[in-house]
Amino acid sequence: MNEPAAPSAPPAPAAAAVAAEPVPLRPRTLGRRLVRFALIATALGTLIFAIAAGTALTVYYQMAGSYDLSKVGQVPSRSEVFDADGALHGRIDNVNREVVPLSAVSPWFLKAVVAREDERFYQHHGVDYPAIARAMVRDVSRSRRREGASTITQQLARNALPLGRERTLHRKLLEAMVAARIEKRYSKDQILEAYVNRIYLGAGVYGVETAARRYFGKAARELDLSESALLAGIVRSPNTNSPLRNAAGARTERDSVLDRLQLLGQAPPAEVAAAKSQEVRVQPKAGQATVLAGRDYGMDAVRAQLDELLGSDDLELGGLRIYTTLDPRLQRAAERAVNTRLEKVEETSGYNHETRAAWLAAHPASNRNEETATDYLQGALVAVDNKTGAIRALVGGRSYEESSYNRALARPGRQVGSTFKPFVYAAAFERGMLPTTPVEDSPIRPGELVPASNRWSPGNSDGRFLGTVSADVGLIQSRNIMAIRVGEWAGRDNVHRLAQRAGLLDEKTPAQPSLHLGAFEATPRALAGAYTAFPNKGVARTPFLIERIDNADGETLYRTPGAVSGSGNEGAATVMSAESAQLTSDLMERVLTEGTGKSAASLGLRVPAAGKTGTTNDFKDAWFAGYTTSLTCAVWVGFDRPQTISARGYGAALALPIWVDFMQAAASLSGPGAATKRYPALALHGAAGPGRAFAPTPTPPAVAANDNSASAASVAPLANATPTAPPPLEPNSEQQQTPPSSDEPGARYIVDARTGRIIGLDGTEAAAREAQLRQQEAARQQALAQQQRQQQLALQQQQQQQQQQAAAATNNNNNGSVPPEPTVVPDANNLPVRRAGPVSHVTMTNGQSVPVDQLPTRRASPVVSHVTIVNGVVTRVEEPAPSQQPGQPPPAAVPVGPPPTAGAPSPSPTPRRRVVHTQIVTLPDGSQLIKRTIENPLEH
């Protein structure tokens, strides 16, 4: 049978089924969560950005603090150079800018530049953030950078401080922070004033004042609305939109600025319309002379010296007022003399070099390097004020525009030749030589010049020799051989040291025999400075060009020592004694009247002067250096590449005419008053007073072993020699005139017959002085004799007291001492080799000083006959008469003693023995005094 099916399980509850399945969120709830996340992220990002930005700004603000903001107000400007009269000579054009205060600028330009560059200038604090945002939006919308947002303060920071020029975020942030610091330190007017003076406005000019003069020929305060808008419009692109190059572009920028002024309400529409209607007219020539003044050799020298005298900060800042010593009228006279005379040389028949005119035709300005040498004949001139050393005229060449190479100053210079001979003679005069001293003019003997090469055989330019003549002939007629012998006698080392003191050479120049002929290089400036020793009684002035330098605030940064007249010996060096300077000067006066410079009178010289010609080998350099009582001037003529100028290119023919023209022009210049001369050329003799009497000087020392002097045979004394007149010389050489005879009336020099020292000059001017000196000498001798008598009496009394004391001591003490007996050595040949006594040297009659420990035991030619010694002290020396000296060598041609003088006592016809007495005096304190007297002093 079938059973019924069981009933099925009941279904699960619905609630359980729902709980088991995921329930989806609503879209509205998800959006809220995303917004919340975005807000949180934005807030965190903003916070992080703010922290980063704040940190960056803090760092950059601190970086900005490392810059010296004082330089913002120090606007570099052109330095002005003034001449000796205080007139503007030129400007240093490294920065072509003239700084003016804000009050000296047209209000139209100030409005225009603010409207163009920073219209919110008076509202922001260095950075215009709305302008930055606006520029960013515009640049993004145009997909490229079109608009800047730098404020005037930011531009000033970039121009005044070394922030860099790269277009980076780093530089922009640094610039902004520096601008913020500037705004805290300076007022708006101060910032604007610095800005308008710094901005570059094309054509090589900086600042509104210089631009106004450059473009419109007027001052910045005189700019009208149209001109102001034009200058403000070219600030962003001064080269592209310069009115000199792009008048249309300049006009477009001007009109844009005018529209901006009208939009901002800074200019009425009517005036804007009138300004737009004006044509763009510039006048470049109106301001050209002011802007570019001062391209010459003097300015070149000033620029070169500024680097030596001032620091880099002062030079970069500029605004200096440089006061020079250049006299504008003398400068023009010097330039005219050089060019005029050298043009005449080029016109001379037989001149076979390229002329200046031909060189200019072959070298146009567009194809010329100003610093290179030229191929035409050049010249240089330097004139120095004797009193101060101030350079009154400086010519470095015939044209600075054609060649800026400054031949007056450029080292090492050129060989000076015979212009050095006066210093050789001065060195000899220092050692006691006289102008009337006989000197041999004959060929140099083999071995005479040591250590000179045997291959060097100097001669005179005329190829002739005069025999034995007086020393003055050698300098007046420029005899080379005589200069060498005089220099060798004076000592090469002495000549070298004198030239060093004069500033002509340094210790590196070897002291060779060729030194006496000027075989070394020097500049015209150095030679002119050295020659000032002769009119200044032996004191040479150091030439200087810059007298004073003031900064923009009027503070003196530099002043040359000795620049003011009468300031003492600052800037000077004692080169020689006044006596030697006067002796040499007298001979150089005769150079211009009877020597190698005699043509000066025919060339137009009418003032008292002195000087010396100079010509180097093969006529490659021609010189003349000379002076009046006011000025000393050196002139050089030659080629930049040394070569023979002409067959007879002597200094007298080429350099002397330039010197005469210049010195005569200088002597004619009027001074401050109508009745005075600015550079008076008075008689050279007047400076030392009537007669120019010289005080006796100490006897020159004996020649040291290292003086490189000539041998004893060539320098032995010739006390009574009389120089003979040489035969007449043929003209057309450096020795053109017949030398004067030594016995012609009116001999110049008065010599003390006893001492051999020069005491004055003969003639009417010196007669009174000579008599006065003789009276003074007689009175001095009388007083000296009286003093000697008193000393002798005192000595006798002291000796008697000593003898009495010695006798008393002998009576009281059996061991008493006895006064020593003199030890007499009857023959000097038996003088011992060494002595323990205090005598160190014995002086022989030939002038040689020999140490006692070097005296030989036997002498073949005795010069001392008897020596008396007491206690090791020589107390009596007897010298034989000249006839008793069989071995003494005969006198040679270069003496050291004076010639006989008119009116001097004649020597005794019978030779007398010269006796030197020495007395030993014991003073109360126990010390000893040695007293020496001489018998027959005239025989010395």
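As the structure is a computational prediction, the values presented were derived from the model and not from experiment. (Residues numbered from 1 in each chain as written. Predicted model: local features only at pLDDT ≥ 70, side-chain atom pairs only at ≥ 80, totals over all residues. Heavy atoms only, no water.)

Caption draft 1: Molecular detail of the pairing of strand β15 (residues 621-627). The buried fraction of β15 is high, at 7 of 7 residues. Residues D621, W623, A625 and Y627 of β15 are buried on one face, and the alternating residues A622, F624 and G626, pointing to the opposite face, are buried as well. Here strand β14 (residues 610-615) runs beside β15; their pairing, made up of 6 bridges, is antiparallel. The residue bridging A610 from the neighbouring strand is Y627, located in β15. (Buried < 20%, exposed > 50% of the residue type's maximum accessible area, 1.4 Å probe, protein only. Helix = DSSP H or I, 4+ residues; strand = E, 2+ residues; numbered from the N terminus. Pairing = 2+ DSSP bridges.)

Caption draft 2: Highlighting the packing of helix α17 (residues 421-430) against helix α20 (residues 492-502). Where α17 contacts α20, the two axes come as close as 9 Å, and the packing angle between them is 120°. In terms of orientation, α17 and α20 fall into the oblique class. Judged by the twist between their axes, the crossing of α17 over α20 is right-handed. Each of F423, V424, A426 and A427 in α17 lies in contact with α20, whose residues at this interface are V495, L498 and A502. Partitioned by chemical class, the residues of the contact of α17 with α20 number 7 nonpolar, no polar and no charged. (Axes fitted to C-alpha atoms, helices over the stretch in contact; angles between N-to-C directions. Parallel < 35°, antiparallel > 145°, perpendicular 65-115°, else oblique. Left-handed = near helix turned anticlockwise from the far one by under 90°. Contact = heavy atoms within 4.5 Å. Nonpolar A, V, L, I, M, F, W, Y, C, P; charged D, E, K, R; others polar.)

Caption draft 3: Molecular detail of the packing of helix α3 (residues 107-117) against helix α10 (residues 247-263). Look at α3 against α10: their axes get within 9 Å of each other, and the N-to-C directions meet at 90°. If you check the angle between α3 and α10, you find them roughly perpendicular. Residues K111, A112, A115 and R116 of α3 lie in contact with α10, whose contacting residues are E253, S256, V257, R260 and L261. Per-class residue counts for the contact of α3 with α10 are 4 nonpolar, 1 polar and 4 charged.

Caption draft 4: Fine view of the nonpolar core. Grouped together as the largest cluster of nonpolar side chains are 78 residues, with contacts concentrated most on L306, I322, F420, F423, Y425 and M576. If near-sequence neighbours (up to four positions away) are discounted, F420 is found in contact with V495, A499, L504, L515, H516, G518 and F520. Grouped together as the second largest cluster of nonpolar side chains are 58 residues, V72, L102, A232 and A275 included. (Core = buried A, V, L, I, M, F, W, Y, C linked by side-chain atoms within 4.5 Å.)

Caption draft 5: Highlighting helix α9 (residues 225-233). In terms of residue burial, α9 counts as a mostly covered element, since 9 of its 9 residues are buried. All buried positions along α9 are accounted for by L225, S226, E227, S228, A229, L230, L231, A232 and G233. The inward-facing, buried residues of α9 abut α3, α8 (208-216), α10 and α11 (269-277). Where α9 begins, one side-chain oxygen reaches toward the backbone nitrogen of S226, 3.2 Å away; that side chain belongs to D224. (Polar contact = N/O pair within 3.5 Å; in protein donor to acceptor, adjacent residues only side chain to side chain.)

Caption draft 6: The sheet that holds strand β1 (residues 79-82), seen in detail. If you walk across this open sheet you meet the 5 strands as β2-β1-β3-β11-β12, and the pairing is mixed. Of all strands in the sheet, those with a lone pairing partner are β2 (88-92) and β12 (556-559), marking the two edges. When the angles between neighbouring strand axes are averaged without regard to direction, this sheet yields 20°. Pairing of β1 with strand β3 (residues 321-324) involves 3 bridges; the strand directions are parallel. Each residue of the ladder has a partner; that of F82, found in β3, is Y323. Along the sheet, helix α13 (residues 297-309) contacts β1, β2, β3, β11 (546-550) and β12; its crossing angle with β2, the most-contacted strand, is approximately 55°.

Caption draft 7: Examining unusual backbone geometry more closely. The linkage connecting R411 with the following residue, P412, adopts the cis geometry, with an omega of 5°. Looking at the element boundaries, P412 is found in the loop between β5 (391-395) and β6 (414-415). For S478, which is not glycine, the phi torsion reads 55° and is therefore positive. Turning to its location among the elements, S478 is positioned in the loop between α18 (471-476) and α19 (480-490). For S478, a relative accessible area of 1% gives the class buried.

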